[in-house]
Amino acid sequence: MRILVAEDVPYNSNLLVTMLKNLGYWDITTAADGQATIEKLSAAHASNSSYEILLLDLRMPIKDGYDVILEHQKQGWDLPKIVVVTASIMTEDRERCKNLGVKYFINKPIELTQLSDVMLYVTARM
């Protein structure tokens with residue numbers, strides 16, 4: 001399972017990577033902003049080695065999570081499945097994501113049980 005973690009806060013990124021490894025996921029790449037995320041997704045698709053899951057923060061520099069979601073749609077990529085990881089409790093953010101086709105969410109602060117449940121749920125539907 002290839003996973004891309006798009007998170008600009010190093011502490012949150014490291015925490016997600018550690019939690020994923022504790023859950024048995026080892027093929028993990030990170031990106032610190034939306035532009036780097038798009039570049040890594042494009043490169044992976046170009047080399048026929050797509051990421052299966054993208055854990056995506058909405059609030060990032062250069063390009064935000066919404067820009068990444070829109071690029072994902074524009075390219076018509078089936079993978080990766082997007083899991084939005086957000087501290088935002090605003091219903092507008094969740095609704096906007098749902099309207100853009102996002103089905104999976106994890107709230108910050110991240111809890112291992114929630115991450116585990118979402119990862120199992122997403123991988124079962126691939």
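Note that this is a predicted model, so its numbers are computed, not measured.

Enquirer: Can you explain the overall build of the chain? Please cite residues and give values.
Expert: Assigned secondary structure in the chain consists of five helices and five strands. Going from N to C terminus, the chain has its helices and strands arranged as β-α-β-α-β-α-β-α-β-α. Whereas a compact globule of 126 residues would reach a radius of gyration of roughly 14 Å, the chain reaches 13 Å, a difference of no more than 12%. Projected onto its principal axes, the C-alpha positions of the chain cover 35 × 35 × 30 Å. With 126 residues in all, the chain has 47% of them scored as buried. Considering only contacts in the chain between residues 6 or more positions apart, those separated by 24 or more positions represent 67%. Summed over its atoms, the accessible surface of the chain is roughly 6,500 Å², and 51% of this surface lies on carbon and sulfur atoms. The positive charge centre, built from 13 side chains, and the negative charge centre, built from 16, are 3 Å apart in the chain.

Enquirer: Go over the layout of surface pockets with me, naming the residues and quoting the values.
Expert: Approximately 220 Å³ is the volume found for the largest pocket. Lining the largest pocket are 13 residues, with His 72, Lys 81, Ile 82, Gly 101 and Val 102 positioned closest to its centre. Of all the secondary-structure elements, those providing two or more residues to the lining of the largest pocket are helix H3 (65–75) and strand S4 (81–86). Considering every element that reaches the lining of the largest pocket, the biggest residue donor is H3, with three residues.

Enquirer: So what's going on with the nonpolar core? Which residues, and what values?
Expert: Ranked by size, the top nonpolar core spans 22 residues in total, and within it Leu 54, Leu 56, Ile 69, Val 84 and Cys 97 carry the most contacts. Taken together, the elements giving at least two residues each to this core come down to strand S1 (2–6), helix H2 (34–46), strand S3 (53–57), H3 and S4. Here this core takes four residues from H2, the largest share from any one element. Apart from residues lying up to four places away in sequence, Leu 56 is in contact with Ala 6, Gly 65, Val 68, Ile 69, Ile 82, Val 83, Val 84 and Val 85. Counting 19 residues, the second-largest nonpolar core is a separate cluster that includes Leu 16, Val 83, Leu 115 and Val 118.

Enquirer: Lay out the packing of helix H1 (residues 10–22) against helix H5 (residues 112–124) in plain terms, naming residues and giving numbers.
Expert: Packing of H1 against H5 leaves a shortest axis separation of 10 Å and a crossing angle of 65°. Both H1 and H5 take part in a crossing whose hand is right-handed. Residues Leu 16, Met 19 and Leu 20 of H1 touch H5, and the partners they reach there are Leu 112, Leu 115 and Met 119. By residue class, the composition of the contact of H1 with H5 is six nonpolar, no polar and no charged.

Enquirer: Would you mind going over the packing of H2 against H3 in detail, with residue names and values included?
Expert: Close contact between H2 and H3 brings their axes to 9 Å; oriented N to C, the two are set at 25°. As summarised for this structure, H2 and H3 are arranged roughly parallel, according to the angle between their axes. With respect to the hand of their crossing, H2 and H3 are arranged in right-handed fashion. Side by side, H2 and H3 meet where Gly 34, Thr 37, Ile 38 and Leu 41 of the first sit next to Asp 67, Val 68 and Glu 71 of the second. Here the residues of the contact of H2 with H3 sort into three nonpolar, two polar and two charged.

About the thresholds
- Residues numbered from 1 in each chain as written.
- Predicted model: local features only at pLDDT ≥ 70, side-chain atom pairs only at ≥ 80, totals over all residues.
- Heavy atoms only, no water.
- Helix = DSSP H or I, 4+ residues; strand = E, 2+ residues; numbered from the N terminus.
- Rg over C-alpha atoms; globule rule 2.2 N^0.38 Å.
- Buried < 20%, exposed > 50% of the residue type's maximum accessible area, 1.4 Å probe, protein only.
- Contact = heavy atoms within 4.5 Å.
- Areas by Shrake-Rupley, 256 points an atom, 1.4 Å probe, with all protein chains shown as cover.
- Lys, Arg positive; Asp, Glu negative; His and termini not counted.
- Charge placed at Lys NZ, Arg CZ, Asp CG, Glu CD.
- 1 Å grid on protein atoms, 1.4 Å probe; cavity = no way out; pocket = protein on both sides within 12 Å on 5 of 7 lines; lining within 4 Å.
- Points joined across faces, edges and corners; volume = space filled by probe spheres on them.
- Core = buried A, V, L, I, M, F, W, Y, C linked by side-chain atoms within 4.5 Å.
- Axes fitted to C-alpha atoms, helices over the stretch in contact; angles between N-to-C directions.
- Left-handed = near helix turned anticlockwise from the far one by under 90°.
- Nonpolar A, V, L, I, M, F, W, Y, C, P; charged D, E, K, R; others polar.
- Parallel < 35°, antiparallel > 145°, perpendicular 65-115°, else oblique.

Note that every value here comes from positions in space, so none of it alone points to a role or purpose.
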